[in-house]
Amino acid sequence: MFATKFVVVVRDDLAVWQKLNVTAFLSTGIASAAPGIIGENYRDAAGNSYHPMSVQPIIVLGANEVLLKKIHARSLQRGVRTSLYVEEMFSTGHDAANREVFGKYTPEEASVVGLALHADRKTADRITKGARMHP
């Protein structure tokens with residue numbers, strides 16, 4: 001059992017490829033910001049080395065647009081830093097363009113399609129209340 005939770009919430013009306021893309025991008029944000037979340041390299045029986053991965057499970061939840069907006073607001077109210085993906089980022093092709101389009105919207109205006117957070121269990125549960133395990 002972990003004292004923290006690594007949670008990704010994606011909007012449930014996205015195409016499958018979009019859900020996977022958003023989940024992958026958001027996970028890298030948490031991995032880069034959460035000390036100790038990444039473990040040691042993996043090594044197979046033949047001696048090949050593989051990249052390390054998260055030391056704890058990543059919980060993937062689904063939520064509709066309204067709930068996802070509430071979850072975003074709750075994270076801001078509690079001061080929990082998140083990785084955030086807005087719908088307009090689907091139309092860009094690189095990091096600088098993503099940051100440019102992201103910066104055009106306030107939290108109230110943003111069309112959030114996904115967010116990820118790493119926080120203590122109770123805080124994570126309170127922020128993501130109402131979201132369901134992704135099918």
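Reference entry: report on the structure contained in this document. A quick note: this is a predicted structure, and the numbers were derived from the prediction, not measured. (Residues numbered from 1 in each chain as written. Predicted model: local features only at pLDDT ≥ 70, side-chain atom pairs only at ≥ 80, totals over all residues. Heavy atoms only, no water.)

1. Considerations on a nonpolar patch on the surface
On the surface, a cluster of nonpolar side chains totalling about 330 Å² of accessible area is made up of Y42, Y50 and M53. In this fold, M53 is placed in the loop between β3 (49-50) and β4 (58-63). The exposure class assigned to M53 is partly exposed, which follows from its relative accessible area of 47%. (Patch = residues over 30% accessible without salt bridge, like charges linked within 9 Å, V, L, I, M, F, W, Y side chains within 5 Å. Areas by Shrake-Rupley, 256 points an atom, 1.4 Å probe, with all protein chains shown as cover. Salt bridge = Lys/Arg side-chain N within 4 Å of Asp/Glu carboxyl O. Helix = DSSP H or I, 4+ residues; strand = E, 2+ residues; numbered from the N terminus. Buried < 20%, exposed > 50% of the residue type's maximum accessible area, 1.4 Å probe, protein only.)

2. So, helix α3 (residues 95-102)
Because an α-helix packs 3.6 residues into every turn, residues spaced three or four apart end up facing the same way. All of the buried residues in α3 are A97, N98 and V101. Looking down the long axis of α3, one finds its buried residues gathered within 105 degrees of arc, a one-sided arrangement. Residues of α3 that are exposed and point more than 90 degrees away from the buried face comprise R99 and E100. (Arc of directions from axis to C-beta.)

3. Here we look at the environment of V113
Residue placement: V113 occurs in strand β6 (residues 112-120). V113 sits 45 residues away from L68 along the chain, and the two C-alpha atoms are 7.5 Å apart. Excluding residues within four positions of it along the chain, V113 makes contact with V9, V10, R11, L14, V22, L68, Y85, V86, E87 and F90. (Contact = heavy atoms within 4.5 Å.)

4. Describing the sheet that holds β6
Read from one edge to the other, the open sheet built from five strands follows the order β5-β6-β1-β4-β7, with strand pairing classed as mixed. Edge strands, defined here as strands with exactly one partner in the open sheet, are β5 (82-86) and β7 (132-133). Summarising the sheet, β5 and β6 pair through five bridges and their orientation is antiparallel. The partner of L84 across the bridge, within β6, is L115. Sitting on the sheet, helix α1 (residues 16-33) touches β1 (4-11), β4, β5 and β6, and the angle it makes with β1 is about 150 degrees. (Pairing = 2+ DSSP bridges. Axes fitted to C-alpha atoms, helices over the stretch in contact; angles between N-to-C directions.)

5. Comments concerning the pairing of β6
For a regular strand, side chains alternate in direction, first toward one face of the sheet and then toward the other. Burial within β6 is extensive, with seven of its nine residues counted as buried. Across seven bridges, β1 lies against β6 in antiparallel orientation. Bridge pairing in β6 places V9 opposite L115.

6. Digging into the nonpolar core
Counting residues in hydrophobic clusters, the biggest one holds 32 residues, and the most contacted among them are V9, V22, I71, L117 and A131. Only β1, α1, β4, α2 (65-77), β5, β6 and α4 (121-127) provide two or more residues apiece to this core. Element by element, the count of residues in this core is highest for β6, at six residues. When residues no more than four places from it in sequence are discounted, the contact partners of L117 are K5, F6, V7, I30, V80, R81, T82, A124, I127 and T128. (Core = buried A, V, L, I, M, F, W, Y, C linked by side-chain atoms within 4.5 Å.)

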